[in-house]
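Report on the structure
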Amino acid sequence: MVIQHVSTSPFFVHCYSRAQLTIMSKLSKYNELNIYLDVTGSIIFKIPDEKRPLLYSVVVKPKGDIPGLSLADMLSTDHTIPTIVHFLLSVKRACHQISFQQPKLSKVETDWSWTLIQASLIVFNQMNVKKYLSVTWKVLQKRYNAVTLSLITVVHICAAHMIKGFSKTMQGVVKKNRKFLMQVFAELQNTTSLEEASKIFRDASIVLGMKENTEDVKGALQRLHERFQLPYGQSTLPLIEDASFETNNEDDGESDDEIMEDNETIKTLSPFTKHFLQIAENAMSSKLSDDDRDDECDRQLETNPFYNKKVLTTICFKYMPIFPLWSGVMLNLSTTNGTGFDKKEKTYTI
């Protein structure tokens, strides 16, 4: 790598080489590229009289078996959106100077860092997060044509970072219930359609939102365990260990709540908030048949061990408003040309 730009106020150093950009340019002629943005502070020594330095890295990975390429790095003590945008635009401009065209990008994968997400949306989509959530909602409602859809670069939060953050949010929950909730969250991460996610979330809302262990709760648990491929009644999930997520946030310079620093605005404006909140409200007010209600009135119902309105509220208002950023719903835009739409038919499939 070669030092390309240096600044003292704010302090940053941009590093990349013409050889790296040329390789990426050649790869992009035949493949759509995924970009991975990572930030770490664990390998960088403190700089005297400066804020904590972090290393920002850009890696490109073509689809298929072609290995990834380390494209560019930035060392900086200024961790703001303008500084990261300047870095990414500098790399983008340098790529254009070599190939005279912008590379075809399929996805940008980022750490769970609000500044990285916002900067990525600005550089690769020319929009903020509120606009992006509105656009993705329209995509999932199939209200965009192929031409419009082709201009969108999917921005996605790393699944490992996301589930680690969710695990920390669940720190106060009973251990066996926490593992169950982690599995529910993992299922939501893996969904590739809004319809499927809505079904999972409805069952989760019934389980978390109903105080008594009714037939509705038992049915929802049964369906969820079938998704987990576990026998009904088994609430431990051996594939998910708490220790896997007991990491120190200081190592990578992230904050668990950083993603939602603009929480109130996003929560209010995101169309996904209204969608999933309505599902939760409908699920908790679901009505039993007259016969089932009479049966349950005749016997004293046991307490639902998974009941936790606080957790349900947290999921509704912290995670679901930004659902397309951490789930697979925008990663499944796969059709004949791999960009989420069919040029011939001018339509796209989800």
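Notes on the structure follow. (Residues numbered from 1 in each chain as written. Predicted model: local features only at pLDDT ≥ 70, side-chain atom pairs only at ≥ 80, totals over all residues. Heavy atoms only, no water.)

Things to note about the nonpolar core
In globular proteins that are soluble, nonpolar side chains generally tend to be buried together. Where we set the bar: By convention a nonpolar core is built from buried Ala, Val, Leu, Ile, Met, Phe, Trp, Tyr and Cys residues, the set being connected through side-chain atoms within 4.5 Å. Partly exposed residues are those whose accessible area sits between 20% and 50% of the maximum for their type, while under 20% is buried and over 50% is exposed, using a 1.4 Å probe and protein chains only. When checking whether two residues touch, look at their non-hydrogen atoms; a contact exists if any pair is within 4.5 Å.
L88, F180, F201, F276, F323 and W326 are the most contacted members of the largest nonpolar core, which totals 94 residues. Aside from chain neighbours lying at most four places away, what touches L88 is L37, V58, A119, S120, V123 and F124.

Overview of the pairing of strand β6 (residues 105–110)
Applied cut-off: Secondary structure follows DSSP: runs of H or I at least 4 residues long count as helices, runs of E at least 2 residues long count as strands, and numbering of each begins at the N terminus. We call two strands paired when DSSP finds no fewer than two bridges between them.
Here β6 lies mainly inside the structure; 6 of its 6 residues are buried. By the bridge criterion, 5 bridges tie strand β3 (residues 33–40) to β6 in an arrangement that is parallel. Pairing of N34 across the sheet is with K107, part of β6.

Points about empty space enclosed by the protein
Test applied: Both cavities and pockets are sets of points on a 1 Å grid over the protein atoms alone; in a cavity a 1.4 Å probe fits but cannot get out, in a pocket the set is open with protein on both sides within 12 Å along at least five of seven lines, and lining residues sit with an atom within 4 Å of a point. Grid points are joined across faces, edges and corners, and a volume is the space filled by probe spheres set on the points. Any residue outside Ala, Val, Leu, Ile, Met, Phe, Trp, Tyr, Cys, Pro, Asp, Glu, Lys and Arg is labelled polar, Gly included; the first ten of those are nonpolar and the last four are charged.
This structure, assessed with the given rule, holds 3 cavities of 30 Å³ or more. Approximately 110 Å³ is the volume found for the largest cavity. By residue number, the principal contributor to the lining of the largest cavity is helix α2 (residues 81–99), which donates 4 residues. Looking at the lining of the largest cavity residue by residue, the classes come out as 10 nonpolar, 1 polar and 1 charged. Lining the second largest cavity, in full, are F166, L181, V184, F185, L188, F201, A204, L208, L312 and I315. Elements with a contribution of two residues or more to the lining of the second largest cavity: α7 (175–190), α8 (194–209) and α13 (309–319). Residues that form the lining of the second largest cavity fall into these classes: 10 nonpolar, no polar and no charged.

Regarding the environment of S106
Positionally, S106 belongs in strand β6. Owing to a relative accessible area of 18%, S106 belongs among the buried residues under this scheme. Considering only alpha carbons, one finds S106 and L33, 73 residues apart in sequence, at a separation of 5.7 Å. Residues contacting S106, with those up to four places away along its chain left out, are E32, L33, N34, K63, T153 and V154.

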